[in-house]
Amino acid sequence: MKSTMVMPLLCLVFLLHVGLGYVPDRKGATGKERKVQYASWDDVNVIAHGLLQLGHGLKEHVDKTKGQIRDISSKLKIFNSTVTELGKQTQSLKEDGEVLKLKAQQLQVQESQVLNISSELWEKTEELQKERLQVHERIGKLEQKVYGILHGDISNGSDSRLIQLMLEAQNRRIDDLIGEIRQQQERLEKQNVRIKNLQSQIKQRKERSYLRREESALNGSSLQSDSPTEAATDCHKLFRSGKRTSGVYTIQPLNSQPFDVFCEMTAEGGWTVMQRRHDGSLDFDRLWQAYEEGFGSPSGDFWLGLQKMHALSVQGEYVMQVELSNWKDETESVKYLFSLGGEQSDYALHLKDISPGSLASALASAPSGLPFSTRDRDNDQRTDINCAKHLSGGWWFSNCGRSNLNGKYFNKPLPKQRHQRKQAVFWKTQRGRYYAWKTTAMKIAPIEIENQS
């Protein structure tokens, strides 16, 4: 562009100075004036052509400059819009940062509140435990005074009445403390109970449906449910009706809904299995509701449920047989005369040895029955610890001592760690307190089956 504009300009200047301009008057030696010289027509054409080229060059330069200006303007607009957008995004990020900062502060406050609540609950629990120990100490002292009254050491009737009132007040206080402890434990473990129960119910339904299809295909009617009017009340009734194959059946005890059980058919009769463990595939460390309703599959590891056990036991006199096998697959057993209380007694167990068999008795029973305990329902006879928490699982614990067939399952007779041995499946007999059994089974049958054998 510069070259196209410079050349015509130079030509124009040259022609103006040479061709069109007149030569100034000069006087020669003779003193005569010279004539003015004018440019020719060709020179004028050249000049006109140069001016035309100059005009074209100027026009191209102006057009190009205008295009560059438009391009720069559009880029400036884009730049301005980008800057504006960045400003908006920066403001938005700043606002988001403020919101996140506020939420973080709120979370910190909530976390602090949760920690404070947890600390308060812990302190309250410790305080209640201390108060409970103090109450037991006071009760012991009061019992001594009552003993003295009964033996004539205190003759004043007003003292006797005062002690009675104090005992009633202490009993109410104990009930209140136990209620508070249970409420706190239920709050902490309520969600866990619901989750475990839902998982157990889903698993039971799936396994029950699968087993019904499989066993129905294998042995025909062994899994067929009787109609409500014809349902057997226990496995021995099924045996008497002609069933001779062990497997899962549906029974309906008196005043109870029908449910599935595993029936072990022997030469003498039918045994209703209440508990079985053989491979450790099922977790038995569960809460009260799970033990009350039952869990697992009747064809595998399972717990029938305290409600169903009670419904069976109130139908008459029953015998319970406990069978354990060691890691050499040697089976040992013991039999008891068996009955089980209802919910109001915390399913208190009543036992009487009738046939020691090859296995020494290790399941205690109190005159009023031994209540069932779990880690969220402490009914054992220890006042300092919760046996279910200490040993794992739910059981009829006396003072955490001689048996727990619902403890943790270990794939060896003697776990390495001492605390593991305490939590294992144990039955304190000649094999020792810390021997972990390989399989367990608890089953009941009417007492007539014992008379037949």
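Calculation rules
- Residues numbered from 1 in each chain as written.
- Predicted model: local features only at pLDDT ≥ 70, side-chain atom pairs only at ≥ 80, totals over all residues.
- Heavy atoms only, no water.
- Helix = DSSP H or I, 4+ residues; strand = E, 2+ residues; numbered from the N terminus.
- Areas by Shrake-Rupley, 256 points an atom, 1.4 Å probe, with all protein chains shown as cover.
- Phe/Tyr/Trp six-rings, centres within 6.5 Å; stacked < 30°, edge-to-face > 60°.
- Buried < 20%, exposed > 50% of the residue type's maximum accessible area, 1.4 Å probe, protein only.
- Pairing = 2+ DSSP bridges.
- Polar contact = N/O pair within 3.5 Å; in protein donor to acceptor, adjacent residues only side chain to side chain.
- pLDDT = per-residue confidence, 0-100.
- Contact = heavy atoms within 4.5 Å.
- Salt bridge = Lys/Arg side-chain N within 4 Å of Asp/Glu carboxyl O.
- Patch = residues over 30% accessible without salt bridge, like charges linked within 9 Å, V, L, I, M, F, W, Y side chains within 5 Å.
- Lys, Arg positive; Asp, Glu negative; His and termini not counted.
- Charge placed at Lys NZ, Arg CZ, Asp CG, Glu CD.

Asks: So, the overall build of the chain: which residues are in play, and what are the values?
Replies: Counting its regular elements, the chain contains nine helices and eleven strands. Carbon and sulfur atoms form 53% of the exposed surface of the chain, whose accessible area is close to 27,800 Å².

Asks: Summarise the packing of aromatic side chains; cite the residues concerned and give the values.
Replies: Summed over the entire model, instances satisfying the criterion amount to eleven aromatic pairs. Taking the centre distance of 5.4 Å and the plane angle of 75° together, the rings of Tyr-291 and Trp-303 count as edge-to-face. Of this pair, Tyr-291 sits in helix H5 (residues 288-293) while Trp-303 sits in strand S5 (residues 302-303), and the two are twelve residues apart along the sequence. Of the two residues, Tyr-291 and Trp-303, neither departs from the other in class, the shared state being buried. Ring geometry for Tyr-291 versus Phe-372: centroids 5.3 Å apart, planes at 50°, classification tilted.

Asks: Now, about the pairing of strand S11 (residues 439-446): what can you tell me, with residues and values included?
Replies: Within S11, seven of the eight residues are buried, which leaves the element mostly enclosed by the surrounding structure. In this structure, strand S3 (residues 270-277) lies alongside S11, joined through five bridges in antiparallel fashion. The residue bridging Arg-277 from the neighbouring strand is Thr-440, located in S11. Bridge count for strand S6 (residues 318-325) against S11 is eight bridges, and the pairing is antiparallel. Counted as the bridge partner of Tyr-318 is Pro-446 from S11.

Asks: I'd like to hear about the side chain of Thr-272, residue by residue, with values.
Replies: For Thr-272, the location among the structural elements is in strand S3. Within the structure, Thr-272 has its side chain in polar contact with the backbone nitrogen of Cys-235 (distance 3.2 Å).

Asks: Which residues make up unusual backbone geometry, and what values go with them?
Replies: Not every positive phi belongs to a glycine, and Asn-255 is a case in point at roughly 55°. A residue is classified by how much of its surface remains accessible, and Asn-255, at 87% relative accessible area, is exposed.

Asks: Let's hear about the confidence of the model for the chain: which residues, and what values?
Replies: As a general rule, the predicted coordinates of low-pLDDT regions are not to be interpreted in detail. Taken as a whole, the chain shows an average pLDDT of 78; of its residues, 73% reach a score of 70 or greater. Of all the helices and strands in the chain, helix H1 (residues 2-20) carries the lowest mean pLDDT, 51, while S5 carries the highest, 98. Note that residues 18-32 has pLDDT below 50 and, in this model, 16 contacts with residues that lie over four places away or in other chains. Across residues 220-229, confidence stays below pLDDT 50; counting only partners more than four residues off in sequence or on other chains, it has 16 contacts.

Asks: Describe the pattern of salt bridges, with residues and values.
Replies: Within this structure, the stated rule accounts for eight salt bridges. Linking Arg-375 and Asp-285 is a salt bridge whose minimum nitrogen-to-oxygen distance equals 3.5 Å. Of this pair, Arg-375 sits in the loop between strand S8 (349-355) and helix H7 (387-391) while Asp-285 sits in the loop between S3 and H5, and the two are 90 residues apart along the sequence. Looking at Arg-375, the relative accessible area reads 17%, which means it is buried. Using a relative accessible area of 21% as the deciding quantity, one classes Asp-285 as partly exposed. One salt bridge connects Lys-443 with Glu-323, and the closest N-O pair in it is separated by 2.8 Å. On the criterion of sequence distance, the pair formed by Lys-443 in strand S11 and Glu-323 in strand S6 is long-range, its members being 120 residues apart. Counted as one network, the salt bridges with shared partners bring together Glu-264, Glu-323 and Lys-443.

Asks: Quick rundown of a negative patch on the surface? Include the residues and the values.
Replies: Taken together, Glu-120, Glu-123, Glu-126 and Glu-127 make up a surface patch of like negative charges. As for its position among the elements, Glu-123 is in helix H2 (residues 41-150).

Asks: Tell me about the environment of Leu-363, and name the residues and values.
Replies: Relative to the assigned elements, Leu-363 resides in the loop between S8 and H7. The class for Leu-363 is buried, based on a relative accessible area of 6%. Sequence separation between Leu-363 and Trp-427 is 64 residues; the distance between their C-alpha atoms is 8.1 Å. Leaving out residues up to four positions away in the same chain, Leu-363 has contacts with Met-320, Tyr-336, Leu-349, Leu-351, Trp-395, Trp-396, Ser-403 and Trp-427.

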